[in-house]
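So the chains spell out like this:
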Amino acid sequence: MTSDNIFSGLKVVDLASFIAGPGAAVILSDFGADVVKVEPPTGDTWRIGYKIPPQPRSHDNYPWHLNNRNKRGLAIDLKSPHAVEILERLVKWADVLIVNTPHPARKRLKLAYEDVVQWNPRLIYADVTGYGDKGPDADLPGFDITSYWARSGLLSLTRDAGAPPTLPVSGSGDHATAVTLFSAIVTALYRRERTGKGSYVTTSLLAAGVWACGVSVQAALCDATFFPLHDRLKPPNATFNVYRTSDDNWFLIVLTPDKWPALAMGIGRPDLLTDPRFANPAKQAANSAELTAILDEVFGSLPMSHWSEVFDQGRLTFGVVRAPSEVIKDPKLHENDIVVPLEGAGGNLKFTISSPMQVHGIDKVPAKRAPEIGEHNEEVLKELGFNADEIAGLRTSGAIPHISDLEPAKTGTGR
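Position numbers for residues start from 1 in each chain and track the written sequence from start to end. This being a predicted model, a pLDDT of at least 70 is required before a residue's local features are given, and a value of 80 or more before pairs of side-chain atoms are given or counted; all residues contribute to the totals for chains, interfaces and linings. For side-chain calculations, the full set of non-hydrogen atoms in the structure is used, while hydrogens and water are omitted.

1. Looking at a nonpolar patch on the surface
Part 1 of the reasoning: Like-charged residues are merged into a patch within 9 Å and nonpolar side chains (Val, Leu, Ile, Met, Phe, Trp, Tyr) within 5 Å, provided each residue has over 30% relative accessible area and no salt bridge. Accessible surface area values rest on a Shrake-Rupley calculation with a 1.4 Å probe, where residue burial reflects the displayed protein chains alone. By salt bridge we mean one thing: a side-chain nitrogen of Lys or Arg within 4 Å of a carboxyl oxygen of Asp or Glu. A cluster of nonpolar side chains, namely Phe240, Trp250, Leu252, Val254 and Val321, defines an oily patch on the protein surface of about 420 Å² accessible area.
Part 2 of the reasoning: Numbering of helices and strands runs from the N terminus; a helix is a DSSP stretch of H or I covering at least four residues, while a strand is a stretch of E covering at least two. Per-element accounting of the nonpolar patch gives the leading share, three residues, to strand 8 (residues 250-254).
Part 3 of the reasoning: For each residue, the accessible area found with a 1.4 Å probe, counting protein chains only, is set against the maximum for its type, and the residue is called buried under 20%, exposed over 50%, and partly exposed in between. In this structure Trp250 comes out as partly exposed when scored by relative accessible area, which is 31%.

2. So, the pairing of strand 4 (residues 96-99)
Part 1 of the reasoning: The alternating pattern of strand 4 places Val96 and Ile98 and Leu97 and Val99 on opposite faces, both of which are buried.
Part 2 of the reasoning: Relative to strand 4, strand 1 (residues 11-14) runs parallel, the two sharing three bridges. If you follow Asp14 over to strand 4, its bridge partner there is Ile98. Strands were regarded as paired on the criterion that DSSP finds at least two bridges between them.

3. Here's the deal with helix 8 (residues 172-195)
Part 1 of the reasoning: End to end, helix 8 covers 35 Å across 24 residues, agreeing with the expected 34 Å (1.5 Å per residue, within 8%).
Part 2 of the reasoning: Among all positions in helix 8, only Gly173, Asp174, Thr177, Ala178, Leu181, Phe182, Ala184, Ile185, Ala188, Leu189 and Arg192 are buried.
Part 3 of the reasoning: Phi turns positive, to about 80°, at Gly196, one or two residues after helix 8. By definition here, a helix of n residues has an expected span of 1.5 Å times n minus one.

4. Observations concerning the sheet that holds strand 3 (residues 71-75)
Part 1 of the reasoning: Read from one edge to the other, the open sheet built from six strands follows the order 3-2-1-4-5-6, with strand pairing classed as parallel. The open sheet has two edge strands with one neighbour each: strand 3 and strand 6 (199-204). Taken over all neighbouring pairs, the strand axes of this sheet differ in orientation by 20° on average, direction set aside.
Part 2 of the reasoning: Whether two residues touch is decided by their heavy atoms; if any such pair falls within 4.5 Å, the residues are in contact. Helix axes are fitted to C-alpha atoms over the stretch in contact, other axes to C-alpha atoms as well, and angles between N-to-C directions run from 0 to 180 degrees. Of the strands in this sheet, strand 1, strand 2 (34-39), strand 3, strand 4 and strand 5 (124-129) touch helix 1 (residues 20-30), which is tilted by about 160° from strand 1.
Part 3 of the reasoning: Helix 3 (residues 83-93) contacts strand 1, strand 2, strand 3 and strand 4 of the sheet and is inclined by roughly 140° relative to strand 1.

Okay, here's the thing in structure tokens:
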């Protein structure tokens, strides 16, 4: 493995808040980019996200370090008239600028693309919104549950018949959108390599959600007929369903028709192969409730360890439903660098989740803790060419906070 990371030397300014934009910056940092996290003096609101129900309770600020590891921290009050001096130098320094400020506020802060591109025509300006750049809803605020899940169609489908829509996993849509934004940034960087030109790239939580729901939305586009919401006891396909074992484990089986004989033999019910109710996929679908009842009884008679062995021997596709507390015990997470050591975060934060891609032959940067608010103000401002007197002047003007205002106890990092 080599330590020459792919994005070594790439300079990224992360002006975004919460998850999707900062998540894209984390992926760049994993592969060696120098990322400066810019926050207001009060900090990114995501610093307190772990304190808001229904997030799992902890003394450790686990989501902050997940979405901001390997970054340097710069605290600026962008509302200060003197902040533009810092912003201009940051943009001139940067290869990539990531923003998610709502468009009206972005214009007031002089953060719009047309404002900053004049300082750096080679800049990759990466923008993430809730609902896209056009139309009457372009300026609406959005979280992943509203924009990615609810409006895309996903939330209407990920429930059982008779059940109301429920809350999805926090950040799941944001993290998917982060990968989308990262892909847009990399596409623009490739274009710049070929043409020398910068780009304005964008995605939205809605666009990423509709892409995730693409099979169903594409079906709606061609006026396909939808099955009713999933009913586990009366599914369209009993061999694409959820079952429970005698030791109270739930699992899914997802079988193609050619695997039906292997399933029947594996569960010790060869008689099902000659049962006229289940003679072919069409008859299995017509009699799915009866077949589900049979499989419920069979699977409920023995523990998951038995059925795992049966499925493995028959090369039958299945998945055991695991809680996060069980997922972290899966050796595959460490074997495949899905979970990696986290340096310096303190408390119980010994590990973090790596970005979901690997390049063979290239080591990722070892994960280090996220920054405190404004932790690297002096260091970054000096790199941008500000001298000690100018930095003091920026403090006096209110463009950056005084050092006394940046005590670790106020940063909300949980350390």
